[in-house]
Amino acid sequence: MTAAHATLPVGFVEGEQAPHDAVDHMYTGRLSGVVFRQLCAPHECAGIVERLYGSGLPWTPYFHDPAGAKSLGVSLTPTEVHPLGPPLDAYFSGAETDAQIFRELAAPAFERCVAAWASVAGGRQVLVLEQPRPHRPATLREMQAGYGAGRHVDTYRPSESFAHLHQLTDRTRQLSWYLVVQSAQAGGVLEVGPRNGVGNQQDPLLPVELSCGDGILFDGSALWHRVTPVVGERARNTLGGFAALSADRRSLLYWG
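Within each chain, residue numbers correspond to sequence positions counted from 1 in written order. Totals for whole chains, interfaces and linings use all residues, but because this is a predicted model, local features are given only for residues with pLDDT of at least 70 and pairs of side-chain atoms are given and counted only at 80 or more. The basis for every side-chain value is the complete set of heavy atoms in the structure, and neither hydrogens nor water enter the calculation.

What follows covers the packing of aromatic side chains. Planes of paired rings set the category: under 30 degrees apart is stacked, over 60 is edge-to-face and the rest tilted, where pairs are Phe, Tyr or Trp rings (Trp by its six-membered ring) whose centres lie within 6.5 Å. Counted by the stated rule, this structure contains 10 aromatic pairs. Between Phe110 and Trp177, the aromatic rings sit 5.9 Å apart at their centres with planes inclined by 40°, giving tilted as the arrangement. You can see Phe110 sitting in helix α4 (residues 95-119) and its partner Trp177 sitting in strand β8 (residues 175-182), a full 67 residues away along the chain. Here the two residues Phe110 and Trp177 agree in accessibility, since each one is buried. Judged by centre distance (6.5 Å) and plane angle (35°), the ring pair of Phe242 and Trp255 falls under tilted. In this pair, Phe242 is assigned in strand β15 (residues 236-245) and Trp255 in strand β16 (residues 251-255), connecting sequence segments 13 residues apart. Each residue is assigned to one of three classes by its accessible area relative to the maximum for its type, calculated with a 1.4 Å probe on protein chains only: buried under 20%, partly exposed between the two thresholds, exposed over 50%. Taking relative accessible area as the criterion, Phe242 reaches 6% and is therefore assigned buried. We classify Trp255 as buried; its relative accessible area is 0%. Members of the aromatic cluster, joined through ring pairs, are Phe36, Phe102, Phe110, Trp117, Trp177 and Tyr254. Between the NZ or CZ atom of Arg136 and the centre of the ring of Tyr91, over which it lies, the distance is 4.8 Å. Helix and strand assignments follow DSSP, with helices taken as H or I runs no shorter than four residues and strands as E runs no shorter than two, numbered in order from the N terminus. In our convention, an over-ring charge means Lys NZ or Arg CZ found within 6 Å of a ring centre and within 35 degrees of that ring's normal.

What follows covers the nonpolar core. Working definition of a nonpolar core: buried Ala, Val, Leu, Ile, Met, Phe, Trp, Tyr and Cys residues. They are joined through side-chain atoms within 4.5 Å. In terms of nonpolar packing, the biggest core is built from 54 residues, with Trp177, Leu217, Leu239 and Leu252 touching the most fellow members. A per-element tally of this core places α4 first, with nine residues. Grouped together as the second largest cluster of nonpolar side chains are 12 residues, Leu8, Val35, Val180 and Val208 included.

What follows is about α4. For a helix, the expected span equals 1.5 Å multiplied by the number of residues minus one. Counted at 1.5 Å a residue, the expected span for α4 with its 25 residues is 36 Å, but the 27 Å between its end C-alpha atoms falls short. What the bend at a residue measures is the angle between two axes, fitted to the seven residues ending there and to the seven starting there. At Ala106, α4 is deflected by roughly 90°, the largest bend along its length, and proline Pro108 occurs up to four residues later in sequence. Within α4 the residues assigned to the buried category are Ala95, Ala99, Phe102, Leu105, Ala106, Ala107, Ala109, Phe110, Cys113, Val114, Ala116 and Trp117.

Quick look at the packing of helix α2 (residues 42-54) against α4 now. To define axes, lines are fitted to C-alpha atoms, for helices over the stretch in contact only, and angles between the resulting N-to-C directions are given on a 0 to 180 degree scale. Contact geometry of α2 with α4 gives a least axis separation of 8 Å together with a crossing angle of 145°. When you trace α2 past α4, the crossing you get is left-handed. Note on element contacts: α4 touches α2 through Glu104, Leu105, Ala106, Ala109 and Arg112, opposite Glu44, Ile48, Arg51 and Leu52. Class assignment for the residues of the contact of α2 with α4 results in five nonpolar, no polar and four charged. Take the far helix as the reference: if the near one is turned anticlockwise from it by less than a right angle, the crossing is left-handed, and if turned clockwise, right-handed. Residues count as neighbours in contact if any of their non-hydrogen atoms are within 4.5 Å of one another. Just so you know the grouping, Ala, Val, Leu, Ile, Met, Phe, Trp, Tyr, Cys and Pro go in nonpolar, Asp, Glu, Lys and Arg go in charged, and all remaining residues, Gly too, go in polar.

A separate point is the environment of Ser119. Its location among the elements puts Ser119 in helix α4. Assessed through its relative accessible area of 43%, Ser119 is described here as partly exposed. Linking Ser119 and His64, residues 55 residues apart in sequence, is a C-alpha distance of 38 Å. If we ignore the near neighbours within four places in the chain, the residues touching Ser119 are His20 and Phe36.

Keep in mind that these numbers describe shape and distance, not what the molecule does.
See the structure below:
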């Protein structure tokens, strides 16, 4: 489906229609997310994928099954392998090196993502989370055939891994973001649905149509969301991470 004909779920808007303070609207529940079309041209996306797989760098699995979803670099999020988040020593030990590798693989596209988020941050600075130590700005992710992500929300149970997020960010919301750098041949579709007040875990989810090069910023803490299983030989690759307003609400912080 082309961007011109894509129908977004209620609460989502196209980037050119988004208010300059869309992040504030997400924090108050008036908006669910923003889709930014073609932040990365097809040939740029292909270059990222080629460099990614040509790098020979090891993947970090999210699941005990090594064929399941994985990322380049440790992600600060609960996974099947680490339900309460990765040990912080493991997360921070390679973060600066991974950040440099990441910039070599995908810097121009990532800079456009940050500029897109800034355009809807209500005039705030958009900054990578640097405390208590520098975080990864993002991770590159892979989903192969037969794998996706189950229905979930991005709210984290208290743990040592996430304690600093509760100190440094406004935890009334947590935003998720990613850029599609390679679409699956079929499947691999983000589906979303309401969580608070009008929805429950059994309600149907609706697709958010994204093409290669499209980016999205959405409220992952207030929406059930999943990625449908990938079909075909081509992996689904994204670069992405998380974001939240700082505790003083003066900046938008992001991390991978």
